[in-house]
Amino acid sequence: MITVDLDATEVRELNHRLHHLPADTNERLWRVVNPRGKHALLAGLDRPVAVTIEGHVGYYCAGMNQEAEVIIDGHAGVGVAENIMSGTVRVRGNASQAAAASGQGGLVVIEGDASARCGISMKGVDIVVGGSVGHMSAFMAQTGRLVVCGDAGADLGDSLYEAAIYVQGAVAGLGADCEEQPMTDADRAAVADLLARAGLPGDPARFRRYGSARRLYHFHVDHADQY
Amino acid sequence: MTTGTPPLRPSATFPPETIHEIQRAAAEGIYEIRGFGTKRRLPSFDDLVLLGASISRYPLEGYRERCATDVVIGSRFAKKPLHLKIPITIAGMSFGALSATAKTALGRAATAMGTSTTTGDGGMTDEERAASETLVYQVLPSRYGLNPNDLRRADAIEVVVGQGAKPGGGGMLLGQKITERVAGMRRLPAGIDQRSACRHPDWTGPDDLAIKIQELREITDWEKPIYVKVAAARPRYDVQLSVKSGADAIVLDGMQGGTGATQDVFIEHVGIPTLPALREAVEALQELDMHRKVPLIISGGIRSGADVAKALAMGADAVSIGSAALVALDCNRPIHLADYAALGTAPGYCHHCQTGRCPVGIATQDPALEARLDVEAAARRVRNYLSTMVLEAQTLARACGKSHLHNLEPEDLAALTIEAAAMAGVPLAGTGWIPGR
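Everything numeric here is computed off the predicted structure, so don't read it as measured data.

1. Notes on the overall build of chain A
So, point 1. Looking only at helices and strands, one finds two helices and eleven strands in chain A.
So, point 2. Reading chain A from its N end, one meets helices and strands in the order β-α-β-β-β-β-β-β-β-β-β-α-β.
So, point 3. Along the first, second and third principal axes, the C-alpha atoms of chain A reach 60 × 35 × 30 Å.
So, point 4. A burial count over chain A gives 56% of its 227 residues as buried.
So, point 5. Relative to all contacts within chain A whose residues are 6 or more apart in sequence, the contacts with residues 24 or more apart total 25%.

Below, the structure is given as structure tokens:
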């Protein structure tokens, strides 16, 4: 295991080093200490390395991640794992706004709560939140799955496309064109699988599914009052 | 004694087009969505003239003495700034709104002229990357097609905050242009209207933007110049906040800037013209002592070498063209007349990009229409057009005694109208008067 102390190393130096690992590198296990809320930590990783950050991180940690497995043993600032392509990003604590925004693949696990706009504009990522999510989560979400073990704030799934949202707790309110839909066996299996991959407890039978009513897929003046 | 029928008296308040629009709205209950840009008369570079040299100024010899045209963009923070041979770039236009053929032709023309072209909403295509030696990759609010591999294979990155045709507005690519390929790049179902967001999903405000730019720099190892593109609404604030956020360059798009599909009411009534926006932007940079340190690229209604020369004289470092490049490709050319008629329009008037039925194969995803654009010939036309613009700008600069286009200055300009004098901050011709000063 390689340990990098961010009290002695610049973020730029760490990121550059990780970006330029050879494809067949043996340096696959990394530990980062003293992050102290720094921004853009581990942004743009594109190797199958495993990195654990011991402490809290600032904005855009693990942004656009590919292949890497990142664990944040602390809380995460705005936009953790934004636009993630593949791999796994796990936040042991809570995540601020726009977690996994526009994520296109991979798995993001937030063991605590996620703030507003979790999964905004998501494009294929799977997100599992152990706690609750804030308002406007999955806003304009396109594809992918958002699993919320706790509650969801107001305007969940506003202007949703084809993403699926599963919530175990209470939903404060649904956004435009988002509706509750029947939980099928396939949905329950998907939730069970995602919970297992996330390593989080939960009873798939207690989850409810939310998806797009598809009334806004084509702009029509008769729907204008729904916006 | 009067005789005969009195002449018809049109109403200035209700001219025929206004009557038609009211009655269309009454019938359909929805605003008009269209492409192209503003159609109303606005103060523009046409309202300025250049003051050629005479006794008090010394001109350079045309066809003999050198007038350089190159520009460096991105040397503020990026390890690999761009060195463009000409100060005219091709603006961002999406694959989706435009055909792959049109994007390829623009890339080849830009490459031939030593300048850059720009992706658009929907991401980067392999054809566009291959055709463009210098390609600027847009990071837009929709994040359609955004990925780190394309960030790294781009030559520069442009964070798009706004577009001159619709400051504060997002976009809508209507379902008829959403083919399987376009849908796949955007990760949405084919055939549905695709909303492009008006706000970025993971940042709000200048403090966040600075961190967003930092993230993009980290992902690309601080190699790529990062532009911020803003629409002309409050350019003084936006330019200064872009500088504060760490931009290597600023793209400012005036209200004459084009669009693939936007509400007509937005195109014609939101934002300010390119002329006053440019002056405000230059002043904003000067206030920060960043003029000529953070390059300013102006766009929105640039059509000729005269526009280029005047924009540079006002303080821009480069210009960007969109609609004009499409016109050079073939937009609104009088061919395939029946197809224009089928859209209810005619060459010279067409703004029907949103329909996907572009008669000349530019703003379409229909393979049969797209095939009408011969990519080699189209690239040659845009190259010729760019070359002409450069020659025109050089001619005017030499006449003002300048050995580089960037040596043009406000002192080389006069305004033909009071409005233009006030907006551009140059004296009304024949006077020393700049309104407001």
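Okay, back to it.
2. Quick look at the interface of chain B and chain A
So, point 1. Counting residues at the interface gives 25 residues for chain B and 38 residues for chain A.
So, point 2. Counting residues per element, the side of chain B that touches chain A draws most heavily on helix 6 (residues 205–219) of chain B, which supplies six residues.
So, point 3. Classifying every residue of the side of chain B that touches chain A gives twelve nonpolar, four polar and nine charged.

3. Quick notes on the sheet that holds strand 11 (residues 208–212) of chain A
Residues and elements named next belong to chain A.
So, point 1. Pairing in this open sheet of eleven strands is mixed, and the strands run 1-2-3-4-5-6-7-8-9-11-10 from one edge to the other. Because the sheet does not close on itself, it has two edges, and the strands there are strand 1 (2–5) and strand 10 (178–181). When the angles between neighbouring strand axes are averaged without regard to direction, this sheet yields 15°.
So, point 2. As judged from the three bridges shared by strand 9 (residues 164–167) and strand 11, these two strands associate in the antiparallel manner. When the bridges of strand 11 are listed, Ile165 appears paired with Tyr210.
So, point 3. Packing against the sheet, helix 2 (residues 185–198) makes contact with strand 6 (107–110), strand 7 (123–129), strand 8 (143–148), strand 9 and strand 11, and its axis sits at approximately 70° to strand 8.

4. Description of the sheet that holds strand 14 (residues 296–299) of chain B
Residue and element names in this part refer to chain B.
So, point 1. Read from one edge of the open sheet, eight strands run 5-15-14-12-11-8-7-6, paired in parallel fashion. A single partner strand is all that each edge strand has here, and the edge strands are strand 5 (88–90) and strand 6 (117–118).
So, point 2. Sheet topology places strand 8 (residues 156–160) next to strand 11 (residues 226–231); four bridges connect them, and they run parallel. From the neighbouring strand, Val160 faces strand 11, where its bridge partner is Lys229.
So, point 3. This element, helix 7 (residues 235–244), spans strand 11 and strand 12 (249–253) of the sheet and lies at about 160° to strand 12.

5. Overview of unusual backbone geometry
Residue and element names in this part refer to chain A.
So, point 1. Positive phi values are uncommon outside glycine, yet Leu42 reaches one of about 60°.
So, point 2. Positive phi outside glycine occurs at Met64, with the angle close to 60°.
So, point 3. Along the polypeptide, Met64 turns up in the loop between strand 3 (50–54) and strand 4 (69–73).
So, point 4. Taking the C-beta count within 10 Å as the criterion, Met64 has 27 such neighbours and is therefore assigned buried.

6. Details of the domain arrangement of chain A
So, point 1. The domain boundaries assigned to chain A delineate domain 1 (1–74) and domain 2 (97–215).
So, point 2. One C-alpha centre belongs to domain 1 of chain A, the other to domain 2 of chain A, and the line joining them spans 27 Å.

7. Here we look at the nonpolar core
So, point 1. Judged by nonpolar contacts, the single largest core of 195 residues is most densely connected at Val108 and Val147 of chain A together with Tyr227, Ile250, Leu252, Leu329 and Val382 of chain B.
So, point 2. The element best represented in this core is helix 14 (residues 375–399) of chain B, accounting for twelve residues.
So, point 3. Excluding residues that lie within four positions of it along the chain, Val147 of chain A makes contacts with Ile127, Val128, Val129, Tyr166, Val191, Leu194 and Leu195 of chain A.

8. Regarding the packing of helix 2 (residues 100–113) of chain B against helix 14 of chain B
Residue and element names in this part refer to chain B.
So, point 1. Interhelical geometry of helix 2 versus helix 14 gives an angle of 45° and a closest axis separation of 8 Å. Accordingly, the angle class assigned to the pair helix 2 and helix 14 is oblique. Between helix 2 and helix 14 lies a crossing whose hand is right-handed. Residues Thr101, Thr104, Ala105, Leu106, Arg108, Ala109, Ala112 and Met113 of helix 2 form the contact with helix 14, whose participating residues are Val375, Ala378, Ala379, Val382, Arg383, Leu386 and Ser387.
So, point 2. Classifying every residue of the contact of helix 2 with helix 14 by side-chain character gives ten nonpolar, three polar and two charged.

Conventions adopted
- Residues numbered from 1 in each chain as written.
- Chains lettered and ligands numbered in written order.
- Predicted model: local features only at pLDDT ≥ 70, side-chain atom pairs only at ≥ 80, totals over all residues.
- Helix = DSSP H or I, 4+ residues; strand = E, 2+ residues; numbered from the N terminus.
- Buried ≥ 20, exposed ≤ 12 C-beta atoms within 10 Å, placed from the backbone.
- Contact = placed C-beta atoms within 7 Å.
- Nonpolar A, V, L, I, M, F, W, Y, C, P; charged D, E, K, R; others polar.
- Pairing = 2+ DSSP bridges.
- Axes fitted to C-alpha atoms, helices over the stretch in contact; angles between N-to-C directions.
- Domains from an automatic or database assignment.
- Core = buried A, V, L, I, M, F, W, Y, C linked by C-beta atoms within 7 Å.
- Parallel < 35°, antiparallel > 145°, perpendicular 65-115°, else oblique.
- Left-handed = near helix turned anticlockwise from the far one by under 90°.

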